[in-house]
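# Fold and contact review
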Amino acid sequence: GESGHIENVRFSFDGPFGTYDQNQLQRGLQIYTEVCSACHGLRYVPFRTLADEGGPGLPADQVRAYALSFPIMDEGANMHLYDPDAGELRGLSENDHFPANNAMDAPDLSLMAKARAGFHGPYGLGINQFFKGIGGPEYIVSLLTTYEDPPACAPEDFPGSYNTTFAAGGFPAECIDEHGRHMVPGSWIGMAPPLYGEDVEYADGHSNDLHHEAEDVAAFLMWAAEPKLAARKQAGLTGVVFLAILSVLLYLTNKRIWAPVK
Ligand code: HEM
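Values in this document were obtained by computation on a predicted structure and should not be read as measured data. Residue numbers run consecutively from 1 along every chain, following the written order of its sequence. In keeping with the model being predicted, local features are shown solely for residues with a pLDDT of at least 70 and side-chain atom pairs are shown and tallied solely at 80 or more, while totals for entire chains, interfaces and linings include all residues. Each side-chain value is derived from all of the structure's non-hydrogen atoms; neither hydrogens nor water enter the calculation.

## Topic: the coordination of the iron atom of the ligand
Bound to the iron atom of the ligand on the protein side are H40 (NE2) and M191 (SD), at distances that span 1.9 to 2.1 Å. Whether a residue is buried, partly exposed or exposed follows from its accessible area with a 1.4 Å probe, protein chains only, as a fraction of its type maximum: under 20%, in between, or over 50%, in that order. The exposure class assigned to H40 is buried, which follows from its relative accessible area of 11%. Exposure remark for M191: the relative accessible area of 22% places this residue in the partly exposed category. Donor atoms are limited to N, O and S found within 2.8 Å of the metal ion, a distance that becomes 3.2 Å for Na, K and Ca. With water left out, some sites might look partial.

In structure tokens form, the structure reads like this:
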């Protein structure tokens, strides 16, 4: 299948000097907590990283309280919560990971922002990704904001929700033309629209319209998938500067070594 056009988003973490916006990560955490966690897990993300600098930066006591109050949706997936010493189930602590959640068959979101690409081509050259990034967060923003009324070609009872970004879902035969081409972009996804706008109340007074909520949760999921992004970018930049200086020194050394021969 094919997905519709995906818009570039100017995230704070774009570019060689980009870093996460702490307030945005906290808003995204709120969306994840209040909406997405009902179906999705974040099984590779330890609660304690919510306190990390460069991440959401929550104070340690808030992280403890957050972990302890986290609703455990899928008992079966969280057997480690059984404390054999105490002989009972215990609450989550900052040393636990966010629980897995397989209740709805929804995929784990820990690495989703790096598992999907928003930009492709042109012609398989990857030039769009070179300039705009891979586009995982943009894919998520797009997915969350492109639920549409199903097209007229589709039977009324076709299962799922029509989404013009999601390309991997079901697609009715009635919407495929005689050349085998899809007549409409996207496909039918098993996730009902999770966000409509004004789904949460932000403490920082930031706009909670659909697009802003989608950007915030996409930024949070990018942090979840790549918590050390700033350190990686800094190491890369240090490497490039180092190699540039080394090149100059080697060039000058080379000139001096060969000077008597010339
Ligand atoms: C799939 C994000 C809320 C159920 C997905 C995918 C993403 C995502 C990125 C993967 C799409 C792909 O494979 O390309 C989110 C976010 C949410 C949210 C950010 C909160 C804002 C929910 C909720 C439910 C749900 C509340 C259940 C009521 C599912 C299911 C799938 C899915 C079942 C698999 C769909 C399929 O493959 O057809 N979600 N989700 N999600 N989500 Fe969510």
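## Things to note about the pattern of salt bridges
For this analysis, a salt bridge means a side-chain nitrogen from Lys or Arg found within 4 Å of a carboxyl oxygen belonging to Asp or Glu. Under the counting rule described, the total for this entry stands at 6 salt bridges. In this structure, R27 engages D204 in a salt bridge whose closest nitrogen and oxygen atoms are separated by 2.8 Å. With R27 in helix α1 (residues 22-34) and D204 in the loop between β4 (187-189) and α6 (210-225), this pair connects stretches of sequence that are 177 residues apart. Overall, D204 belongs to the partly exposed group, its relative accessible area being 41%. We note a salt bridge from R181 to D177, for which the minimum N-O separation is 3.9 Å. Assessed through its relative accessible area of 52%, R181 is described here as exposed. Within this structure, R27, D204 and D216 form a network of salt bridges that share partners. The numbering of helices and of strands both runs from the N terminus, where a helix is a DSSP run of H or I of at least 4 residues and a strand a run of E of at least 2.

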